[in-house]
Amino acid sequence: MLSNRIQTLSESLTIAITTLAQQLKREGKDVIGFSAGEPDFDTPQVIKEAAIEAINEGYTKYTPVDGIPELKEAICAKLKRDNGLEYATDQVIASNGAKQSLFNLFQATLNPGDEVIIPAPYWVTYPELVKYSEGKPVTIHTDDTTAFKITPEQLRAAITPRTKMLILTTPSNPTGSVYTKEELEALAEVLEGTDILVASDEMYEKLVYEGTVFTATASINDHMFGRTVTINGLSKSVAMTGWRFGYCATPDRELVKAMKKLQSQSTSNINSITQHAAIKGLDGSADADIEMMRQAFEKRCDEAARLFNAIDGLSVVKPKGAFYLFVNHKEIEADSMKFAKKMLEEVGIAVVPGAGFGTDGYFRFSFATDIETIRKGIGRIAEFVKSYR
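Residues numbered from 1 in each chain as written. Predicted model: local features only at pLDDT ≥ 70, side-chain atom pairs only at ≥ 80, totals over all residues. Heavy atoms only, no water.

**Examining the overall build of the protein chain**
Secondary structure summary: the protein chain contains 14 helices and 13 strands in total. Rg of the C-alpha trace for the protein chain: 21 Å, near the compact-globule value of 21 Å for 389 residues, within the 12% margin. Considered along the principal axes of its C-alpha atoms, the protein chain spans approximately 60 × 55 × 55 Å. Once local pairs closer than 6 in sequence are excluded, the contacts in the protein chain between residues at least 24 apart make up 74%. Working note: accessible area of the protein chain is about 16500 Å², and carbon and sulfur atoms make up 50% of it. Of the charged side chains in the protein chain, 43 are positive and 52 negative; the average position of the first set lies 4 Å away from that of the second. (Helix = DSSP H or I, 4+ residues; strand = E, 2+ residues; numbered from the N terminus. Rg over C-alpha atoms; globule rule 2.2 N^0.38 Å. Contact = heavy atoms within 4.5 Å. Areas by Shrake-Rupley, 256 points an atom, 1.4 Å probe, with all protein chains shown as cover. Lys, Arg positive; Asp, Glu negative; His and termini not counted. Charge placed at Lys NZ, Arg CZ, Asp CG, Glu CD.)

**Points about the nonpolar core**
Counting 77 residues, the largest nonpolar core has F308 and F365 as its most contacted members. Looking at this core, the element that brings in the most residues is helix α12 (residues 287-309), giving 8 residues. Grouped together as the second largest cluster of nonpolar side chains are 32 residues, A54, F245, I279 and A286 included. (Core = buried A, V, L, I, M, F, W, Y, C linked by side-chain atoms within 4.5 Å. Buried < 20%, exposed > 50% of the residue type's maximum accessible area, 1.4 Å probe, protein only.)

**Some points on the state of the cysteines**
For the structure on display, the rule yields 0 disulfides. Of all cysteine sulfurs, the one in C248 lies closest to C76, which takes part in no disulfide; the gap is 12 Å. Judged by relative accessible area, C76 falls into the buried class, the value being 10%. (Disulfide = S-S within 2.5 Å.)

**Let's talk about the pairing of strand β7 (residues 228-233)**
The two faces of the sheet receive side chains in turn, since in a regular strand these alternate between them. Within β7, 6 of the 6 residues are buried, leaving the element largely enclosed by the surrounding structure. Of the two faces of β7, the one carrying T228, T230 and N232 and the one carrying V229, I231 and G233 are both buried. Pairing of strand β6 (residues 197-201) with β7 involves 4 bridges; the strand directions are parallel. Bridging across to β7, A199 finds its partner in V229. Inspection of the sheet shows β7 paired to strand β8 (residues 246-249) by 4 bridges, in the antiparallel sense. What sits directly across from T230, in β8, is A249. (Pairing = 2+ DSSP bridges.)

**A few points about the sheet that holds strand β9 (residues 315-316)**
Strand order in the open sheet formed by 4 strands is β9-β10-β13-β12, and the pairing between neighbours is antiparallel. Two strands close off the open sheet at either side, each with one partner strand: β9 and β12 (352-353). Inspection of the sheet shows β9 paired to strand β10 (residues 324-328) by 2 bridges, in the antiparallel sense. Among the inter-strand pairings, S315 is bridged to a residue of β10, identified as N328. Strands in contact with α12 are β9, β10 and β13 (362-366); relative to β10, the strand with the most contacts, it is inclined by about 10°. (Axes fitted to C-alpha atoms, helices over the stretch in contact; angles between N-to-C directions.)

**Some thoughts on the pattern of salt bridges**
All chains considered together, the criterion is met by 29 salt bridges. Between E183 and K149 there is a salt bridge, with the nearest N and O atoms lying 2.9 Å from each other. In this pair, E183 is assigned in helix α8 (residues 181-191) and K149 in the loop between β4 (136-141) and α7 (152-158), connecting sequence segments 34 residues apart. Taking the relative accessible area as the measure of exposure, K149 reaches 11% and is therefore buried. Residue D302 pairs with K318 through a salt bridge whose shortest N-O separation is 2.7 Å. Of the two residues, D302 is situated in helix α12 and K318 in the loop between β9 and β10; the sequence distance between them amounts to 16 residues. (Salt bridge = Lys/Arg side-chain N within 4 Å of Asp/Glu carboxyl O.)

What is shown is where atoms sit, not what they do.
Here is the structure:
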């Protein structure tokens, strides 16, 4: 009855763990969740007011598939202002979050057997969408020693005649690693002379710490600009997860047309109210709110990393961005699924096993919650580690 394609697709482990934790809570168990990739802050008031105004002014009809002109102009202006990138409005498209942007991209570019290089740890969705699009995920494994970033040598070794695309995530989900300009230049040098596309997921670009400077992949040089499809949105930086707004930008107008064609036959335009609200998230109106959230996340990051590194048997590389810690528990237990399940059952702490991100022996801990909850949760984890059998 079901298609072969749909049977290759796995449920998101992040969503599965969050759902299980919510179920245990409903059953009356004391569960603290650190699994969801969602800011605990509310959407900034200036954005909410723009949405209310759009409703009151009757902006409730269908829009162009790729977004209203004002929104696309705001996307282009943001990319120029923040990243030094010049795009025309027919080189960007707004979609229902980064997931749809990626889905559109893979469906529009991948043929059966095309290889997509994916550094691990990776966001759980990447390999699943590649497989669904009949591509072949090719994993490059990284670890703590390189701050979970691939090297030019690893990239060169992974490229074959069938390589179609490289996925880069900076800052990274789940590790928080951020590629420097020099590191991106070195990867760009490996790609020079090839036709390999780069899908650059930059969803967490505003959330960087310790003076880290974010560099957009497409800004490295002309040939990287030409091959890069930038994926971004407002879910994380402006706490708009439920609004479902994402976008992608590429100089390849034919690719944008192809993605638009697919979107026209699937979801059509994204929510009309979200489009009007998102303009305020892009044009600088919410910058003070973004900075407030960034500073709060940085304090939480510092505290969480300090507490984890004080626990015998656990270690973590302090991230430069995003709002996750990727905690190494190999000294205690190599099986991340077993470790996370026992921790949820025994002390009521929900984290995401590293196996879901392609890297066993770790778990992802989201510090997108208040600092007292973080302290309480890590305290429970410390007790769990002491008694682990």
